[in-house]
Amino acid sequence: MKRNYLVLSLLAFATYSLVAPLLKIAMESIPSTTAVFLSNGLMTVLIGALMAYRGTSPWRYLSHPKAPYIAVWGAFLAVGLLAYYRALALGPVSVVVPIYGLFIAISSVIGIVVLEESLTVRKGLGIAFAVLAVVLMSL
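Note that this is a predicted model, so its numbers are computed, not measured.

Regarding the overall build of the protein chain
Part 1 of the argument: Counting its secondary structure elements, the protein chain contains seven helices and zero strands.
Part 2 of the argument: On the principal axes, the C-alpha backbone points of the protein chain span a range of 45 × 45 × 30 Å.
Part 3 of the argument: The burial tally for the protein chain puts 15% of its 139 residues in the buried class.
Part 4 of the argument: Across the protein chain, contacts joining residues at least 24 apart in sequence account for 69% of those joining residues at least 6 apart.

Quick notes on the packing of aromatic side chains
Part 1 of the argument: Taken as a whole and assessed by the stated rule, the structure comprises three aromatic pairs.
Part 2 of the argument: Considering the side-chain rings of Tyr84 and Tyr85, the 6.3 Å spacing of their centres and the 75° angle between planes classify their relative orientation as edge-to-face.
Part 3 of the argument: A residue is classified by how much of its surface remains accessible, and Tyr85, at 7% relative accessible area, is buried.
Part 4 of the argument: Centre to centre, the rings of Tyr84 and Tyr100 are 3.8 Å apart; their planes meet at 20°, and the pair counts as stacked. Of this pair, Tyr84 sits in helix H4 (residues 67-90) while Tyr100 sits in helix H5 (residues 93-100); the two residues are 16 residues apart in sequence, bridging distant segments of the chain.
Part 5 of the argument: Exposure remark for Tyr84: the relative accessible area of 4% places this residue in the buried category.
Part 6 of the argument: Assessed through its relative accessible area of 26%, Tyr100 is described here as partly exposed.

Regarding the nonpolar core
Part 1 of the argument: Counting ten residues, the largest nonpolar core consists of Ala20, Leu23, Met27, Ala35, Val36, Leu81, Tyr84, Tyr85, Leu88 and Val96.
Part 2 of the argument: Among the secondary structure elements, those contributing two or more residues to this core are helix H2 (19-26), helix H3 (32-54) and H4.

Some thoughts on the UniProt feature "transmembrane region" (unreviewed entry) in the protein chain
Part 1 of the argument: The sites that carry the UniProt feature "transmembrane region" (unreviewed entry) are, in the present numbering, residues 35-55, 67-87 and 93-114.
Part 2 of the argument: Annotated as residues 35-55, this span is 95% helix and 0% strand, and its ends, taken at the C-alpha atoms, are 30 Å apart.
Part 3 of the argument: The annotated region residues 67-87 carries 100% helix and 0% strand content, and the separation between its end C-alpha atoms amounts to 30 Å.

The rules we used
- Residues numbered from 1 in each chain as written.
- Predicted model: local features only at pLDDT ≥ 70, side-chain atom pairs only at ≥ 80, totals over all residues.
- Heavy atoms only, no water.
- Helix = DSSP H or I, 4+ residues; strand = E, 2+ residues; numbered from the N terminus.
- Buried < 20%, exposed > 50% of the residue type's maximum accessible area, 1.4 Å probe, protein only.
- Contact = heavy atoms within 4.5 Å.
- Phe/Tyr/Trp six-rings, centres within 6.5 Å; stacked < 30°, edge-to-face > 60°.
- Core = buried A, V, L, I, M, F, W, Y, C linked by side-chain atoms within 4.5 Å.
- UniProt positions renumbered as here; feature names shortened; annotations may be inferred.

As structure tokens, this is what we get:
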């Protein structure tokens, strides 16, 4: 099961591909901030149930030395999701999602620069083409 991450990546891709269209439909009559609250509230309940089923608890990690990274990430995630949901409520999915998707290329650059991950010609071209694709799709 060395390549479980590939199966999980495909599952994430398949399910997350439905998020923006479903949100766009829902936010025709539900405010974006309410949609963020309800969808992430449900996510929290489902993940909490999974953790309870597995017998794991997040509480012991509150004092973990890496916990501040989680707190900052949570703040960035909240701002990002609020902006993303509002953008979807106001604009077309075909423009909002590609611009939002730039996080993939930028996160890769941060991984290379900050986390000292390797930069290959293929990765560099992939990042450049991802940015080009977003520009072309958003025009």
